[in-house]
Amino acid sequence: MAAMKSCPFLNKLSLNGIRQFAPLLMGKADTCPYMRQTYRLKSFLKGEQASAAPAAQAAQASSQASVSVNSTEPVPPIMPKDKTSLTGAAAAAAGTQCPFLAESPMTVSQASPEVQEDVSTGTKQSQEMSDGAKHFDYEGYFARQLQKKKEDHTYRVFKNVMRDATSFPKAFDMSSGKEKDITVWCSNDYLGMSWHPKVQEAVRTALMKHGAGAGGTRNISGNSPLHVHLEERLAKLHQKEAGLIFSSCYVANDTTLFTLGKHLPGMHFFSDAGNHASMIQGIRTSMAQKHVFRHNDPDHLEELLRSVDPSLPKVVAFETVHSMDGSICPTVEMCDVAHRYGALTFVDEVHAVGLYGDHGAGVGEQDNCMDKMDIISGTLGKAFGNMGGYVVGSAKMIDMIRSYGSGFIFTTSLPPTVLSGAMASVDVLATDEGRELRARQQSNVKYLREKLVAAGLPASHSPSHIIPIIVGDAQKCTQLSDDLIYKHGIYVQSINYPTVARGSERLRVAPTPHHTVEMMDDFVDILTKLWKEAGLELYGQKCPDQCEACHKPLSLPLLFKTEPVCQRSNCTYSSLQVKLLHFGVEEVKN
């Protein structure tokens, strides 16, 4: 690495770029005067033979080098041996100027926009200098970047909302400085547990007995029986040996995946294309090799796994319930494919815990496959109505993250109020009361989705509790959200890029057990009126040509047949078929 950094051409690349292409570049070390001189000097100081240094270390670098891919689109698992990929700027800095790399058969291809944004060149930096100034114009740069987001309607303006704990899902819009009554339709407090009497009482008692703060990190005065008991309770919920709680599930995902990628030798990650930013970040910064498979596609996952040495450590990372499209992954198939090739499974159940399964353990419990999930991450801040995140798994794996994960070690632990409230919520949702709440929520989701579709609004069908209403235009999506809250007291947040892809902007609706039929009827009527005023098209009910999962043909007659339209678990259209058949049977009975 030091030899490469000594080259005046290569040192124009980022450190990550050098690491990524170390095997290729070290193969040229013998022909580069800069790297050769550095190797000879190091070898002389160590008393080794200089001529063998570059070639001997090239193979070692090949096994240790790691690849970081920023794009969330599917990528080939292995690069062709005669090709590689550098960013356009990096290639200009190295390949077209260095006389030795210029003779290489290496082919340069354009990198993704996300990667190019990470590469800085002297030309770009000089453009950001103030006129006649010697220093970088920070404020001017910030202003230009913010203006770009405003122009493409991706600049976020937070709604100023104060929730009313006495009347969930009611709240107050404080944007004008005055209280205005509103109803919240987009909260991740899916079951309203944040205001449950037992949760409130647990928080109140903990505050009076133990105070507001934790007092430090888990290692320095911030550990308590409350932490230990909650971790044991969460491990029991998911039928695992041990658990570890974090300040958020973003931190839990990021820290766990980063730590695994950093410490497991020759690690390969296999990441679902729809994964959350926290998972992408942990994998990316670990510098381990990464392969991206198509969203919820176990066939593509197997294709990529098959290309990697079975003896190398591998982790397959995916979510059960996708937060933006409401899909549920084929959990059993994904886990089976991963284990067939010796990979661990890292399963994000953030939008599922509390909502699925007999005890609220998530999709894994619902599908009876928790034993196939090696590592499960969840949150205390959504259906459980508090805050914080956690991972559960084997005792040794959890102890590894506890001992090596900097995101866990170097941060203040959760306070006693949160721990007590979360414990109370987990306990409630594991009882008959929790099962009744889940049943009411699922009933409301079904009712609202059918009303939206009947009105001609493009509410996507999904087997989960999340209802995406696709707008497809950032400006109109934001306008709809603003008109709903400011004119009608209905709060649904617009979801624009980068949370979702451009052209798929949407309103994301999540009805709770506490929304009434009258509320849902009013919601549909008002949204339909605003939709027409915005010049957006209403849709007739339409069946897609084929299933997105298995690509089998679809049609309305096929959906009313008893033979499953798709063999994968949790398929959107299989769940729709079941509902249509049930509806038909009920009609016959009546």
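Every value quoted in this text rests on a predicted model; they were computed, and no experiment measured them.

For the chain, the count of helices and strands is 24 helices and 14 strands. Within the chain, buried positions represent 48% of all 590 residues. Pairs at least 24 residues apart make up 69% of the contacts formed inside the chain by residues separated by at least 6 positions. Counting every atom, the chain has about 28,600 Å² of accessible surface; 54% of that belongs to carbon and sulfur.

Should the charged atoms of two oppositely charged side chains come close, the side chains can pair. Applying the stated rule across the entire model yields 18 salt bridges. For D482, the salt bridge is made with K159, and the minimal N-O distance between the two is 3.1 Å. Taken together, the residues D482 in helix α21 (residues 474–488) and K159 in the loop between α9 (138–151) and β1 (161–163) connect sequence positions 323 residues apart. If you follow the salt bridges from partner to partner, you end up with E302, R306 and R340 in one network.

All right, on to the side chain of N253 then. Position of N253 among the secondary structure elements: in helix α12 (residues 249–263). Here S377 takes part through its side chain, which lies 2.8 Å from a polar atom of the side chain of N253. Residue contacts for N253: discarding those within four places in its chain leaves S278, M279, F346, D348 and S377.

Our focus in this paragraph is the pairing of strand β10 (residues 389–393). Most of β10 sits inside the fold, with 5 of its 5 residues counted as buried. Of the two faces of β10, the one lined by G389, V391 and G393 and the one lined by Y390 and V392 are each fully buried. Two strands pair when backbone bridges link them, and strand β4 (residues 242–246) and β10 are joined in this way by 5 bridges, in the antiparallel orientation. By the bridge assignment for β10, I245 is matched with Y390. Taken together, the 4 bridges between strand β9 (residues 375–379) and β10 define a ladder with antiparallel strand orientation. Note on β10: the bridge partner recorded for S377 is V391.

On to helix α14 (residues 298–306). Every buried residue belonging to α14 is among P298, H300, L301, E302, L304 and L305, and all of these are buried. Put simply, D297 is the residue that caps the front of α14, since its side-chain oxygen is 3.1 Å from the backbone nitrogen of D299.

Taken as a whole, this structure holds 0 disulfides when the rule is applied. No disulfide involves C335; its sulfur sits 5.4 Å from the nearest other cysteine sulfur, which is in C369.

Attention shifts here to the packing of helix α10 (residues 197–210) against helix α19 (residues 416–429). Taken N-terminus to C-terminus, the directions of α10 and α19 make an angle of 150 degrees; their axes are 8 Å apart at the nearest point. By the angle between their axes, α10 is roughly antiparallel relative to α19. Note on packing geometry: the crossing formed by α10 with α19 is right-handed. The segment α10 lies against α19, with K198, V199, A202, V203, A206, L207 and H210 engaging P416, T417, S420, G421, A424, S425 and V428.

Below, the discussion takes up the sheet that holds strand β12 (residues 490–491). Pairing between the strands of a sheet is mediated by backbone hydrogen bonds and can be parallel or antiparallel. An order of β1-β2-β3-β12 is seen for the 4 strands of this open sheet, with the pairing classed as mixed. In this open sheet, the two edge strands, each paired with only one partner strand, are β1 and β12. The pairing of β1 with strand β2 (residues 170–173) spans 3 bridges and is antiparallel. Residue V161 lies in a different strand from β2, and its bridge partner there is D173. Set on the sheet, α21 makes contact with β1, β2, β3 (180–184) and β12; between it and β3 the angle comes to about 135 degrees.

When you tally the buried positions in strand β7 (residues 314–319), you get 6 out of 6 residues, the bulk of the element. Burial along β7 is two-sided: K314, V316 and F318 and V315, A317 and E319, pointing in opposite directions, are all buried. Here strand β5 (residues 268–272) runs beside β7; their pairing, made up of 4 bridges, is parallel. Its bridge partner lying in β7, H268 is registered against K314. On the question of chirality, the crossover connecting β7 to the parallel strand β8 (residues 344–348) by way of helix α15 (residues 331–340) is right-handed.

Before going further, it helps to spend a moment on helix α20 (residues 432–454). The terminal C-alpha atoms of α20 lie 33 Å apart, and with 23 residues this matches the ideal 33 Å at 1.5 Å per residue to within 8%. Within the span of α20, buried status applies to G434, L437, R438, Q441, N444, V445, L448, R449 and L452.

Quick look at the environment of Q281 now. Mapping Q281 onto the fold places it in helix α13 (residues 277–286). Residue classification places Q281 among the partly exposed positions, given a relative accessible area of 27%. For the pair formed by Q281 and L257, sequence separation is 24 residues and the distance between their alpha carbons is 8.7 Å. Sequence-distant contacts of Q281, that is, excluding residues within four places in its chain, are made with Y250 and D254.

Moving on: unusual backbone geometry. In the segment running from F168 into P169, the intervening peptide bond is cis, with an omega of 10 degrees. Summarising the element assignment, P169 is placed in the loop between β1 and β2. In the segment running from Y497 into P498, the intervening peptide bond is cis, with an omega of 10 degrees. Phi is positive for S221, close to 70 degrees, though the residue is something other than glycine. Considering the arrangement of structural elements, one finds S221 in the loop between α10 and α11 (225–237). Despite not being glycine, N296 has its phi angle at roughly 55 degrees, a positive value. Locating N296 in the fold gives a position in the loop between β6 (289–293) and α14.

For the rest of this paragraph, the subject is the confidence of the model for the chain. Per-chain confidence: the chain averages 83 in pLDDT, with 74% of residues scoring 70 or above. Note that residues 58–96 has pLDDT below 50 and, in this model, 87 contacts with residues that lie over four places away or in other chains. Predicted confidence is poor over residues 111–123, with pLDDT under 50, and the contacts of this stretch with residues over four places away or in other chains come to 14 contacts.

Take a nonpolar patch on the surface next. The grouping of L146, Y155 and V157 at the surface amounts to a nonpolar patch, some 290 Å² of accessible area in total. Relative to the helices and strands, Y155 resides in the loop between α9 and β1.

With respect to the helices and strands, the residue A165 is situated in the loop between β1 and β2. Distance from A165 to W195, taken between C-alpha atoms, is 5.5 Å for residues 30 residues apart in sequence. In this structure, A165 is in contact with W195 and Q200, ignoring residues within four places of it in sequence.

One open sheet holds the 3 strands; their spatial order is β11-β14-β13, and the pairing between them is antiparallel. Edge positions in the open sheet fall to β11 (467–470) and β13 (494–495), since each of these has one partner strand only. Taken together, the 4 bridges between β11 and strand β14 (residues 506–509) define a ladder with antiparallel strand orientation. Looking at β14, one finds that I469 is bridged to L507. Its contacts with the sheet put α21 on β13 and β14, and the angle it makes with β14 is roughly 45 degrees.

Definitions and cut-offs
- Residues numbered from 1 in each chain as written.
- Predicted model: local features only at pLDDT ≥ 70, side-chain atom pairs only at ≥ 80, totals over all residues.
- Heavy atoms only, no water.
- Helix = DSSP H or I, 4+ residues; strand = E, 2+ residues; numbered from the N terminus.
- Buried < 20%, exposed > 50% of the residue type's maximum accessible area, 1.4 Å probe, protein only.
- Contact = heavy atoms within 4.5 Å.
- Areas by Shrake-Rupley, 256 points an atom, 1.4 Å probe, with all protein chains shown as cover.
- Salt bridge = Lys/Arg side-chain N within 4 Å of Asp/Glu carboxyl O.
- Polar contact = N/O pair within 3.5 Å; in protein donor to acceptor, adjacent residues only side chain to side chain.
- Pairing = 2+ DSSP bridges.
- Disulfide = S-S within 2.5 Å.
- Axes fitted to C-alpha atoms, helices over the stretch in contact; angles between N-to-C directions.
- Parallel < 35°, antiparallel > 145°, perpendicular 65-115°, else oblique.
- Left-handed = near helix turned anticlockwise from the far one by under 90°.
- Right-handed = clockwise from strand over helix to strand, strands pointing away.
- Expected span 1.5 Å × (residues − 1).
- pLDDT = per-residue confidence, 0-100.
- Patch = residues over 30% accessible without salt bridge, like charges linked within 9 Å, V, L, I, M, F, W, Y side chains within 5 Å.

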